[in-house]
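One-letter residues, chain by chain:
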Amino acid sequence: MLSYEQARQVILENITPAGVEQVDLVEAIGRVLAEDVVAPWDMPLWDNSAMDGYGVRFADCSEIPCKLKVTGYIPAGGRADGIEVKAGCAVKIMTGAPVPNGVDAVVPFEETEETSGEQVVIQAPVALHQHIRFRGEDVRSGQTVISTGTIVRAPEVSMLASLGRSRVAVFLRPTVAILSTGDELIEVGRTPGAGELINSNALALAAAVREAGAIPRFVGIARDNLESHREKLREGLKADMLVTSAGVSAGDRDLVRVVLEELGVKQIFWKVGVKPGKPTAFGVKDGKPVFSLPGNPVATLITFEEFVRPALLRMMGQRRVLRPTFRATLRSDIKNRENDRTTLLRVRLEREGECFTAAVSGKQQTGLLKTMVDSAAIAVIPPGRGFMAAGEEVDVHFFGSYIDLI
Ligand code: AMP
Ligand code: MG
């Protein structure tokens, strides 16, 4: 049986990035860049003023106060070509306006006094090059400014726009087929009768797929017979990725793996040394990843988080596909009966000064959804740790991208 870490590694080894599309800049937010962006020009494009004030010659300002003759005015959007500021002179200059020849410092208005329209008194010491933004200081022409695999945020949009780009290449969002299995399932919208259970997994998985940035496609429910499984799994294999829930344990009605094999899906592994999530299976068909997740709602969500989400992010070209892990101090003891597998505990986090503390958020059975709702994070307890005392540190990572529970 693969360990939790091995399973994640094997999955990623079997994933190749999806295709690429061009999108408008604002549409690129949250997407992953599929090109290296090279600056076509310097930024800033010319030396310009960082303040509203006076452009001066540093050499004229060695003694303060000093009086200079104002010979010109350059507003933002104005031009400086042909203007030459001579010794003893200054120009009035606005933020962003090009700096004319001769000027090697800008003195903000606050540090000056205009005696008449034609003269200005510099009242504070001047440093060479102060308040001038030099050509190419930010970015040089030909420089790779943002590289493939970067997630586009507002700063990247700002940079791309500044470099003249209105469209950009990003990795495609994969479509993910979501299939539930089980005779007991009914769709949400009516109160379950005897023996019936709402198909919450399909909605939970669709939400998690969306949150990861991919596109969910509902395939419905496969009933616990071969024909229904064949029909629905075949349908599911049309998407870029297939994720099923339930029917993957060793029960006599657990048909998912049987039918996937029949349909030509090569099983890469079945069963992982992790709790919850042991019966998880992973396979590929023509490079298409297929995940068979356990059916208990908590196990479904946690195995999606730990195994499917990294695969999806990798398909979307992301460099970092695992959530950052940090250390938290346990607020209470943990007794971990199942200690030959990695145990993933739902924990409540609290902040104490600079540190996080973690406490198990209640009973950990995989049928108990409320503790999942109450938890901001997952604590990862390595195999072999049957008991951990309050005060010990554990690895934790956030669960989900929208964190509001600390
Ligand atoms: P199974 O692996 O088919 O034995 O299912 C394991 C458990 O998960 C059973 O208690 C199921 O009722 C439950 N379950 C299976 N599918 C779903 C679903 N789509 N939504 C919610 N619970 C489910
Ligand atoms: Mg079942």
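Residues numbered from 1 in each chain as written. Chains lettered and ligands numbered in written order. Predicted model: local features only at pLDDT ≥ 70, side-chain atom pairs only at ≥ 80, totals over all residues. Heavy atoms only, no water.

J.: Where do I start with the overall build of the protein chain in this structure?
T.: A tally of regular secondary structure across the protein chain gives seven helices and 29 strands. Taken over the C-alpha trace, the protein chain has a radius of gyration of 31 Å; the compact-globule value for 406 residues is 22 Å, which it surpasses by more than 25%. Here the protein chain holds 406 residues, and the buried ones make up 47% of them. The long-range fraction of contacts in the protein chain, counting pairs at least 24 apart against all pairs at least 6 apart in sequence, stands at 71%. For the protein chain, the exposed surface amounts to about 19600 Å²; the carbon and sulfur share of it is 51%. (Helix = DSSP H or I, 4+ residues; strand = E, 2+ residues; numbered from the N terminus. Rg over C-alpha atoms; globule rule 2.2 N^0.38 Å. Buried < 20%, exposed > 50% of the residue type's maximum accessible area, 1.4 Å probe, protein only. Contact = heavy atoms within 4.5 Å. Areas by Shrake-Rupley, 256 points an atom, 1.4 Å probe, with all protein chains shown as cover.)

J.: I'm lost on helix H3 (residues 200-212) in this one. Help?
T.: Residues separated by three or four positions in an α-helix point in the same direction, a consequence of the helix having 3.6 residues per turn. Taking 1.5 Å per residue as the helical rise, H3 with its 13 residues ought to reach 18 Å, and the 18 Å between its terminal C-alpha atoms agrees with that figure. When H3 is considered as a whole, its buried residues turn out to be Asn-201, Ala-202, Leu-205, Ala-206, Ala-208, Val-209 and Ala-212. Buried residues of H3, seen end-on, are gathered within an arc of 165° and therefore sit on one face of the element. Check the buried side of H3 and you find it contacts strand S14 (175-181), strand S17 (215-222), strand S18 (241-245), strand S22 (288-293) and helix H6 (297-315). A positive phi of about 100° marks Gly-213, the residue just after H3. (Expected span 1.5 Å × (residues − 1). Arc of directions from axis to C-beta.)

J.: Looking at this structure, I do not really get the site of ligand 1. What am I missing?
T.: For ligand 1, the set of nearby residues contains 15 residues, the closest of which are Glu-184, Asn-199, Gly-247, Gly-295 and Asn-296. Within the backbone of Gly-295, an N or O atom sits 3.1 Å from an oxygen atom of ligand 1. At 3.1 Å, a backbone N or O of Asn-296 approaches an oxygen atom of ligand 1. Look at ligand 1: alone it shows 490 Å² of surface, and the protein chains cover 76% of it. Breaking the shell around ligand 1 down by element, the ones donating at least two residues are S14, strand S16 (197-198) and H3. (Near = heavy atom within 4 Å. Polar contact = N/O pair within 3.5 Å; in protein donor to acceptor, adjacent residues only side chain to side chain.)

J.: How do you make sense of the domain arrangement of the protein chain when you look at a structure like this?
T.: Accessible area lost when the parts come together is the quantity often used to give the size of an interface. The assigned domain composition of the protein chain is domain 1 (2-17 + 173-315), domain 2 (32-42 + 139-171), domain 3 (48-133) and domain 4 (326-405). Summarising the inter-unit geometry, the C-alpha centres of domain 2 and domain 3 are found 34 Å apart. (Domains from an automatic or database assignment.)

J.: Would you mind going over the side chain of Asn-199 with me for this structure?
T.: Its location among the elements puts Asn-199 in the loop between S16 and H3. In contact with Asn-199, not counting residues within four places along its chain, are Ser-180, Leu-185, Ile-186, Glu-187 and Ile-221.

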